Amino acid sequence: ELKVEQNPLFLSMQEGKNYTIYCNYSTTSDRLYWYRQDPGKSLESLFVLLSNGAVKQEGRLMASLDTKARLSTLHITAAVHDLSATYFCAVDSTYKYIFGTGTRLKVLA
Amino acid sequence: DSGVTQTPKHLITATGQRVTLRCSPRSGDLSVYWYQQSLDQGLQFLIQYYNGEERAKGNILERFSAQQFPDLHSELNLSSLELGDSALYFCASSPQLARNTGELFFGEGSRLTVL
């Protein structure tokens, strides 16, 4: 059974700092997705990573995928308060998408 | 706006009751997915339909059922409700089973409160 784990689960960081969120998954997949969720809201797609070595960047966020290590990272550069949210990675596996546990990010001014 | 429409947005009901949640996927999307998100929890996959056929099932309780209709909208039926069923239920859609980007587009969710 596919398992997707994220760490850390909670992250409190100062504005201007850098940090990385990790997403590990247990079975072979060459597709990985990152989503953002604000409290009580829907999920917004951030990145779609479709192959080994894929790297995508949008603003202060950069995501990468290493399918051999079964690892994806979401790197935050010079965090700002607006990035406070919960971030999920997801892996697709035979007609279903399994989401990680989520990382709740709080950026402090 | 993702283009996925869910109704109702909020629903309050009592234990033992039955409710139906409705989802209209994005225009042209054939696949519909249902997820449950309990308070401060991750997303639990419930069930997936493709063009009217059930294709994958997750940890969906026997009290829950779903279907996708010929017009591609989907309904999730929850019966004999318990307090623990209180959650945010999301519907997501994608164009086809595979071989596009695979990106899911989520609706705004239906928040169910069971009292």
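The structure under discussion appears in the preceding block.
Before going into details, it helps to say that this report is about the structure given with it. These numbers were taken from a predicted model, which means no experiment stands behind them.

Some points on the state of the cysteines
Enumeration according to the criterion identifies two disulfides over all chains in this entry. Each disulfide pairs two cysteine sulfurs, and for Cys23 of chain A the partner residue is Cys89 of chain A, the sulfurs being separated by 2.0 Å. Around the S-S axis, the bridge from Cys23 of chain A to Cys89 of chain A shows a dihedral of about 80° and counts as right-handed. Taken together, the residues span a long stretch of sequence, with Cys23 of chain A in strand E3 (residues 19–25) and Cys89 of chain A in strand E9 (residues 85–93) at a distance of 66 residues. Classification of Cys89 of chain A by relative accessible area gives buried; the value is 0%. Here Cys23 of chain B connects covalently by a disulfide to Cys91 of chain B, the sulfurs 1.8 Å from one another. Looking along the S-S bond of the Cys23 of chain B-Cys91 of chain B disulfide, the torsion reads about -55°, which is the left-handed sense. On the criterion of sequence distance, the pair formed by Cys23 of chain B in strand E3 (residues 19–24) and Cys91 of chain B in strand E9 (residues 87–94) is long-range, its members being 68 residues apart. A relative accessible area of 0% places Cys23 of chain B in the buried class. Residue classification places Cys91 of chain B among the buried residues on the basis of a relative accessible area of 0%.

Rules and cut-offs
Residues numbered from 1 in each chain as written. Chains lettered and ligands numbered in written order. Predicted model: local features only at pLDDT ≥ 70, side-chain atom pairs only at ≥ 80, totals over all residues. Heavy atoms only, no water. Disulfide = S-S within 2.5 Å. Helix = DSSP H or I, 4+ residues; strand = E, 2+ residues; numbered from the N terminus. Buried < 20%, exposed > 50% of the residue type's maximum accessible area, 1.4 Å probe, protein only.

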